Structure formats: C-alpha cells, structure tokens
Amino acid sequence: MKADSVNIHPSWKEVLKGEFESDYFSEIKNFLLREKKAGKKIYPPGPLIFNAFDSTPFKKVKVVILGQDPYHGPGQAIGLSFSVPKGVKPPPSLINVFKEIESDLGIAPPDHGDLSHWASQGVFLLNAILTVEHKKAGSHRKMGWEKFTDAVIKTLSDRREQLVFLLWGNFAKTKIPLIDQMKHYVLDSPHPSPLARGGFFNNHHFSKTNELLIQSGKKPINWTVH
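Residues numbered from 1 in each chain as written. Predicted model: local features only at pLDDT ≥ 70, side-chain atom pairs only at ≥ 80, totals over all residues. Heavy atoms only, no water.

Engineer: Account for helix α9 (residues 205-215), naming residues and giving values.
Structural biologist: Among all positions in α9, only H205, F206, S207, T209, N210, L212 and L213 are buried. Turning to α9, the residues buried within the fold contact β2 (63-67), α5 (92-105), α6 (116-120), β5 (164-168) and β6 (185-189). Positive backbone phi, at 80°, marks G217, one or two positions downstream of α9. (Buried < 20%, exposed > 50% of the residue type's maximum accessible area, 1.4 Å probe, protein only. Helix = DSSP H or I, 4+ residues; strand = E, 2+ residues; numbered from the N terminus. Contact = heavy atoms within 4.5 Å.)

So this is what it looks like as structure tokens:
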C-alpha cells in the first residue's frame, strides 16, 4: 500500500510524502496485509481506501467533513465519509444529513447516498480511520490511521487558508486543536446519528458554509446530490 500503488491524487502524494514514508505507515500497511492474509474482509476495497484523496485534490479542498470510520456492511464503504454507493440504502446518519439540507436550503433528499458530487466540488470527505473489518465497527482504531489523518488535518490547516471544517459529534470535535482558527472556520454540532436525539438539526451548517465560502471569495457548494 505505497502511495504510488493506490488511487490517490498526485498533489496528496507530494504534501504527505513524509507520512507515506514513515515507519508507522509501514506498520499500517503490514497490519492490513496480515488481516487480508488471515481471510478477513476489509472495507472499503483497496483501490477506494484513499478515494477522498483521489476525488478532491489538495489545492481544491474548500470544506472538510470529518467522519470516524468507514461503514462496516458489505458494499457500503467507498472511501468518502458518510457516503454510500448508488443502489445502497443511505444509513440513518446520512438520512439526517439530507433532512438538515432540506430544512436549511430547501433541497429535497435524493434517492441515493453517493456524495461524489460534493467531493468533486472541493468537499473533502475524510474519515479519521480509513479501514474497518466486516461487521466490526471501530475495529481498526489505534492501528495508526488516526496519526495519519491527524497529519492530514494539520497539513490542510498549515498549508491552506479559509477552509471550512464541519465537525459533527464529540469525536470530530477532538480535532479542533489541529486547526488554526485564525486562518480557518470551524462549525461544530452534535452528530447526525439518531443516537444524538436530533441535536444535529437546525445547525444550518450548509448555508453557513456557503456564506463563509462566498465571504472568502470562493464558489459555494451545490449541496444537491446528483
């Protein structure tokens, strides 16, 4: 799983070169190889592990939506946080995201949960942990991914300006110290999961994000899911 053997945009290979060449990243790679050799099903499929990085080049990132780890059911995870492929029923958290978009912007919920259209516009859909074992949520925590994605967030904070970070839930909020809030915007709220008892609703993050982007001289996001 070298940086040159996965689907990842060259701009990310360049800015994360030190991470990809580190000892801890080699350990992540070796862990995944051992798991696969042992016959375990790992999601998302290898070519999609870095889908967020392939879909949204470093210089095109405008918004960051941070998830925790990939969906752990068959066919769900596509390497974009909160997103599932067309033909797969959107999970409850994503349904609540769509409900908030409808309430906030009047955009009707789509009939699928593929957020690739957001990614192509500069919405970086990053999971803090990039892989998971079949039917075992959180199974790849503390295997090194968090160190890698913390470095990703810090690199974005250090080398870009006026990004909008959407941090949903207590886990995402732990990443606030990695973000220079003198340079960037942070919007946080409860998680869209039904377990948060509706705390996510009425946060107006989607309209607020577009207001901040326009204020920064950037094109707003079309939150319609195509």
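There is more to say after this.
Engineer: Tell me about the sheet that holds β2, residues and numbers included.
Structural biologist: As summarised here, the arrangement of the 4 strands in space is β3-β2-β5-β6, forming an open sheet in which the pairing is parallel. Looking along the sheet, the strands with just one partner apiece sit at the ends: β3 (123-127) and β6. Looking at each pair of strands side by side, their axes are set apart by 20° on average, direction ignored. Examined bridge by bridge, β5 and β6 share 5 bridges and lie parallel to one another. Residue pairing across strands places L167 opposite D188, the latter belonging to β6. (Pairing = 2+ DSSP bridges. Axes fitted to C-alpha atoms, helices over the stretch in contact; angles between N-to-C directions.)

Engineer: Account for the pattern of salt bridges, naming residues and giving values.
Structural biologist: One pass over the structure, following the stated rule, counts 6 salt bridges. Across the pair E21 and K17 runs a salt bridge whose closest N-O atoms are separated by 2.8 Å. In this structure E21 comes out as exposed when scored by relative accessible area, which is 55%. In this structure, D158 engages K154 in a salt bridge whose closest nitrogen and oxygen atoms are separated by 3.0 Å. You can see D158 and its partner K154 sitting in helix α7 (residues 145-159), 4 residues apart, about one turn around the helix. For K154, a relative accessible area of 38% corresponds to the partly exposed category. (Salt bridge = Lys/Arg side-chain N within 4 Å of Asp/Glu carboxyl O.)

Engineer: Any chance you could break down the packing of helix α3 (residues 23-37) against α7 for me, citing the residues and the numbers?
Structural biologist: Put simply, α3 and α7 touch, their axes get as near as 9 Å, and they point 135° apart. In terms of axis orientation, α3 runs oblique to α7. Read as a crossing pair, α3 and α7 show a hand that is left-handed. Along its contact with α3, which presents Y24, F25, I28 and L32, the element α7 presents W145, K147 and F148. (Parallel < 35°, antiparallel > 145°, perpendicular 65-115°, else oblique. Left-handed = near helix turned anticlockwise from the far one by under 90°.)

Engineer: Just give me the short version of the pairing of β2, but keep the residues and values in it.
Structural biologist: It is a general feature of regular strands that their side chains alternate between the two faces of the sheet. Burial analysis of β2 places 5 of its 5 residues in the buried class, the great majority of the element. Side chains V63, I65 and G67 of β2 all project onto a buried face; the interleaved residues V64 and L66 project onto the opposite face, where all are buried too. Note: β2 against β3, 5 bridges, orientation parallel. Residue V64 lies in a different strand from β3, and its bridge partner there is F124.

Engineer: Could you give me a rundown of the side chain of S93, with the residues and numbers involved?
Structural biologist: By the element assignment, S93 lies in helix α5. With sequence-adjacent residues up to four places away left out, S93 is seen in contact with F82, H191, P192, S193 and P194.

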